[in-house]
Amino acid sequence: MQQVKAIQINENKKLCFRCGNNQESLFFKSPCSHCGSKECWYCRNCIIMGKMTACANLFFLPSVTSISHQRDTYLAWKGELSPGQRVASDKVHQAVKDRENLLLWAVAGSGKTEMMFEGMNEVLINGGRLCVASPRVDVCLELFPRLQEVFPDVDMVCLYGDSTDVYNGERFVVATTHQLVRFYEAFDVVFIDEVDAFPYAKDPFLEYAVKKAQLQTGCSIFITATPDIKWQKECDNGKRNFVKVPARYHRKSLPVPQKIWVGNWKKGLQKQKIPSKILQWMRQKLSEDCPVLLFFPEIKVMLEVANILVHLNFEPLLTVHSADPERKEKVQQMRDGTIRLLLTTTILERGVTFTNVQVGVFGSEGRIFTESALVQISGRAGRKFDYPSGDVLFFHNGVSKNMALAISQIKMMNQLGKRQGLLDEN
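Residues numbered from 1 in each chain as written. Predicted model: local features only at pLDDT ≥ 70, side-chain atom pairs only at ≥ 80, totals over all residues. Heavy atoms only, no water.

A. Structural context of the overall build of the protein chain. A count of helical and extended segments in the protein chain gives eleven helices and 19 strands. Over its C-alpha atoms the protein chain spans a radius of gyration of 23 Å, differing by no more than 12% from the 22 Å that the globule rule assigns to 426 residues. With respect to the three principal axes, the spread of C-alpha positions in the protein chain is 65 × 55 × 40 Å. Of all 426 residues assigned to the protein chain, the portion counted as buried reaches 55%. Long-range pairs, those at least 24 residues apart, make up 73% of the contacts in the protein chain with a sequence separation of at least 6. As displayed, the protein chain offers around 20600 Å² of accessible surface, 48% of which is attributable to carbon and sulfur atoms. (Helix = DSSP H or I, 4+ residues; strand = E, 2+ residues; numbered from the N terminus. Rg over C-alpha atoms; globule rule 2.2 N^0.38 Å. Buried < 20%, exposed > 50% of the residue type's maximum accessible area, 1.4 Å probe, protein only. Contact = heavy atoms within 4.5 Å. Areas by Shrake-Rupley, 256 points an atom, 1.4 Å probe, with all protein chains shown as cover.)

Structure (structure tokens):
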């Protein structure tokens, strides 16, 4: 066991080793029960995780040198990669071997997880340690059983806020990005799924946590369907190592969203009315036994609509949001087909797959529906080989810039996929 000062002070400059905070305004002094001092520095930035004082030490296990294992492979996956997936898989594999950072920019539903398998296997064959991290709990919960299935002989643990799992030195860790604050130089490679998602994309603390958890000789593989504008420009300018996959493995085009004007739906809700176009679409899809996933800009709006739908005999239906304690169970019910109508906030914009789902966005002009959010939401439809298409409808009271940009990006990816011969004509 090794230790390091929790708050490092050098020439009056301070750094909280736990969270990476170096802003002078976020350090304060107070009487300390630990060292007895009347004035002991502490970090306000991460105080929600417990008070971190200048007199305290952080303890960690020293990084373990990777030792080659006498085994050809740990990967038990028998599937085949499409040509587009193969290019990306080879690039990820090479980046892992060369210990180079890489952005895997692949459309939603393209099989990004499968493209990571060879790179993960490379780490394990060489006795290394790896972490698959995501800002979203839902993504971790979906990835974990899939990874257990394809790496059956590897001890694996899944760490998130409410997880009952305990880390005991496993070489393969699946975790939310917040959990990486617990590690220091622990992983040869960190695969960061949905790297553009909140909160990772907006919190430098989480970026610091990832870097701290990674060996100095290690690398990161960033995975997303919607990199931010800065990263896109770096790719265009040759400043970022990346590989782009513009098509899904089933070789069918991405569903292009349709814009459906529904008028002033807010006034309608005040009168306990839902736009008839939305009701008509839902009834049609449910009558065809298609599951319907309807996104909302606010929890309040979602609950109001749910109450009206119950009175209109749209049952059974469920609602889900980030603070819902039964979120995991409700999502599983939708997967299992025990319910056909799920109302959600943007919490399910990524990381979940439902067979033959039809997607609607209620009030798609809302500010919460950014370009990337709408692209990700659109990516819920048409993911399965047996159901490669599906509705994506933007129900709005005025077309927003983000709606137009999202549709443009999806069309651009379809065009690129055709040019590269990754899509079938029909």
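B. Region of interest: helix α8 (residues 299–311). Here α8 contains 13 residues, and its C-alpha end-to-end distance of 19 Å stays within 8% of the 18 Å for a straight helix at 1.5 Å per residue. Buried residues of α8: Val301, Met302, Val305, Ala306, Ile308 and Leu309, and no others. For α8, the arc enclosing every buried residue in end-on projection is 165°, short of the 170-degree limit, so these residues lie on one face. Within α8, the exposed residues directed more than 90 degrees away from the buried face are Lys300 and His311. Looking at the buried residues of α8, the elements they touch are α6 (265–270), α7 (276–287), β16 (318–320), β17 (341–344) and β18 (358–362). Following α8 by one or two positions, Asn313 adopts a phi angle in the positive range, close to 70°. (Expected span 1.5 Å × (residues − 1). Arc of directions from axis to C-beta.)

C. Structural context of the domain arrangement of the protein chain. By domain assignment, the protein chain separates into domain 1 (2–60), domain 2 (83–245) and domain 3 (258–420). Placing a centre on the C-alpha atoms of domain 1 and another on those of domain 3 gives a separation of 45 Å. (Domains from an automatic or database assignment.)

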